[in-house]
Amino acid sequence: MKTTWTVKEKSTGELQITINDDAWKKAQTKAFDKLVKNVDVPGFRKGQAPKELARKAISEQSILMEAVDHVATDALFEGIKEHNLSVITRPELNLNSVSADEVTMTFLITVKPAVKLGQYKGLDVKKEEVSVLPVEVDMKIEELREQFAELVLKETGKIEDKDTAVINFEGFKDGVAFEGGKGENYPLEIGSNSFIPGFEEALIGMETGEEKDVNLTFPENYGAEQLAGQDVVFKVKINEIKQRQLPEVNDDFAKEANHHGTETIADLRMHLEEHLLEEKQHKADDEFGNTLLTKIVDASEVEIPDVLIEEETDSLVADFKNRISQQGFSFEQFTQITGQKEEELREQMKVDAGNKVKVRLVLDAIASEEKLEVASDEIEAEYNAIAQAYSMELAKVKELAPEDTIAYDLRLRKAFTLIRESVQQ
């Protein structure tokens, strides 16, 4: 058997194999023995006719094609081993020529791309030092006050921004009430932008019991076609005005907020400060890691096979569809609302897919360069961590996530940890 490996572009290549020895003769014999079992010869039971007679009923081409099936897989594995190929996709077989004396076949193969690494250790990347200012804690306190605010009746005075107006309203187009344009005792928070533009602003300054005609124009892109871009009149009556009453900042408020069981305002401020600091540290850590990865990836050279980008794009699209469904929408509804086709979404995601693939290839190359390995106990620990995080049975996790996938992810994680720990401080 003779094999040659020719590299093409983007880590694809052709593995050409020629077989013209005893292996090819034996393959034809096996092929004939298999085919003869299904030959019908008059006067004999199926598969029981003498081979000399059965041979006349089987074409040479059938024997040769069956023989190719017998030798192709073994020939492929031998060729891969001989040329030390890291195959990442299912090879495609093309038959060049075949005869009783010789067969030549070519496998189109995509292999793991070579990565030319740049500097990846000892990079001068600084993590941002973070702190929390008292004013930031004050802002969090105000957010909590808003959450625990109560609506109280405004006995006197006019509607102001952020007040809640309890209203009766009915909309008319050309003097005729339109469907969906009526409501009674509807609580409308001014500034919530829950009504069409101009409606809420028109109520500012009105008093309890006051009535008013509000002239408006529906937006051109309004969902109901019969109202889009149309002039309408809303007849509005103010039944009540309510305003938000914020709790005082004291120990009672701290108890009500119950942030990590706090009972005093001093404890509440301390816990809010700790929480803010933790958030900032996580953000700074993420930005540090992203900056580090960007530098390493940009400094590396790799020609990414199209098939890897397509596979990653498939994964990103599937993940997006899953998130949409978790929000109660089908992907078809999403496309109808946005007018965006799946092909357009795929094109947008291809850039991100290419970046993700390159990051993995670079980290994998670093892991190889540093001879990083993953032990069986590390894999088991990761399985247990996943099971605990998702409240799943360990056996189910192992069923869904193959061991080699877990080992691969851990190996990349080790490479990234090595990079981070080598950064100049």
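Details of the structure are given in the entry above.
For every chain, the first residue of the written sequence is number 1, and numbering continues from 1 along that sequence. Side-chain atom pairs in this predicted model are given and counted only at pLDDT of 80 or more, local residue features only at pLDDT of at least 70, and totals for whole chains, interfaces and linings cover all residues. Hydrogens are left out, water is left out, and the side-chain values use all remaining heavy atoms of the structure.

Caption draft 1: Geometry of the overall build of the chain. The helix and strand tally for the chain stands at 13 helices and 11 strands. Computed over C-alpha atoms, the radius of gyration of the chain comes to 36 Å, more than 25% over the 22 Å expected from 2.2 N^0.38 for 425 residues, which places it beyond the range of a compact globule. Seen along its three principal axes, the alpha-carbon backbone of the chain occupies a region of about 110 × 65 × 40 Å. Evaluated residue by residue, the chain yields a buried proportion of 33% over its 425 residues. Contacts in the chain between residues far apart in sequence, at least 24 positions, make up 67% of those at least 6 positions apart. Positive charges come from Lys and Arg alone, negative charges from Asp and Glu alone, with His and the N- and C-terminal ends not counted. Where a charge lies is defined by one atom per residue type: Lys uses NZ, Arg uses CZ, Asp uses CG and Glu uses CD. Charged side chains of the chain number 52 positive and 86 negative; the gap between the two group centres comes to 8 Å. A helix here means a DSSP run of H or I that spans at least four residues, while a strand means a run of E at least two residues long, and both kinds are numbered starting from the N terminus. We compute the radius of gyration from the C-alpha atoms alone; for a globule the expected value is 2.2 Å times N to the 0.38, where N is the number of residues. Categorising residues by exposure relies on relative accessible area from a 1.4 Å probe, with only protein chains included: less than 20% of the type maximum marks a residue as buried, more than 50% marks it as exposed, and the intermediate range marks it as partly exposed. In this description, contact between two residues means that some pair of their heavy atoms is separated by no more than 4.5 Å.

Caption draft 2: Inspection of the sheet that holds strand β1 (residues 2–7) at higher detail. As summarised here, the arrangement of the 4 strands in space is β1-β2-β4-β3, forming an open sheet in which the pairing is antiparallel. Only two strands of the sheet have a single neighbouring strand rather than two, namely β1 and β3 (92–98). The sheet shows a mean angle of 20° between the axes of neighbouring strands, direction not considered. Only when DSSP finds a minimum of two bridges between them are two strands counted as paired. Note that β3 and strand β4 (residues 103–110) share 6 bridges and pair antiparallel. When the sheet's bridge partners are listed, asparagine 94 is paired in β4 with threonine 106. All axes are obtained by fitting lines to C-alpha atoms, using only the stretch in contact for helices, and the reported angles, taken between N-to-C directions, cover 0 to 180 degrees.

Caption draft 3: Inspection of the nonpolar core at higher detail. Nonpolar cores are built from buried Ala, Val, Leu, Ile, Met, Phe, Trp, Tyr and Cys residues. Side-chain atoms within 4.5 Å join them into one set. In terms of nonpolar packing, the biggest core is built from 25 residues, with Ile17, Ile19, Trp24, Met105, Phe107 and Ile109 touching the most fellow members. Counting residues per element, the ones that place at least two in this core are β2 (12–19), α1 (22–36), α3 (60–82) and β4. Of the residues forming this core, the biggest block, 9 residues, is contributed by α3. For isoleucine 17, the residues in contact, after removing those within four places along its chain, are Met1, Lys2, Thr3, Ala75, Leu76, Val103, Thr104, Met105 and Phe107. Counting residues in each nonpolar core, the second largest holds 22 residues, with Ile167, Val232, Val236 and Ile241 among its members.

Caption draft 4: View of the packing of aromatic side chains. Put simply, two rings from Phe, Tyr or Trp (the six-membered ring, in Trp's case) pair if the centres are within 6.5 Å, and we call them stacked under 30 degrees between planes, edge-to-face over 60, tilted for the rest. By the definition in use, this model includes 15 aromatic pairs. Between phenylalanine 169 and phenylalanine 195, the ring centres sit 5.3 Å apart and the planes meet at 75°, which makes this aromatic pair edge-to-face. Of the two residues, phenylalanine 169 sits in strand β7 (residues 164–173) while phenylalanine 195 sits in the loop between β8 (176–189) and α5 (199–203), which places them 26 residues apart along the sequence. As far as the burial class goes, phenylalanine 169 and phenylalanine 195 line up, both buried. For the pair phenylalanine 169 and phenylalanine 199, a centre-to-centre distance of 6.3 Å together with 75° between the ring planes defines the contact as edge-to-face. Residue phenylalanine 169 is found in strand β7, and its partner phenylalanine 199 is found in helix α5; the two are separated by 30 residues along the sequence. For phenylalanine 199, a relative accessible area of 0% corresponds to the buried category. Site record: aromatic cluster; members linked through ring pairs are Phe169, Phe178, Tyr186, Phe195, Phe199, Phe218, Tyr222 and Phe234. By the criterion adopted, a ring carries a charge over it if an Arg CZ or a Lys NZ lies within 6 Å of its centre and within 35 degrees of its normal. Seen from the ring of phenylalanine 288, lysine 127 lies directly overhead, with NZ or CZ sitting 5.6 Å from the centre. Above the plane of the ring of phenylalanine 331 lies lysine 321, whose end atom (NZ or CZ) is 4.9 Å from the centre.

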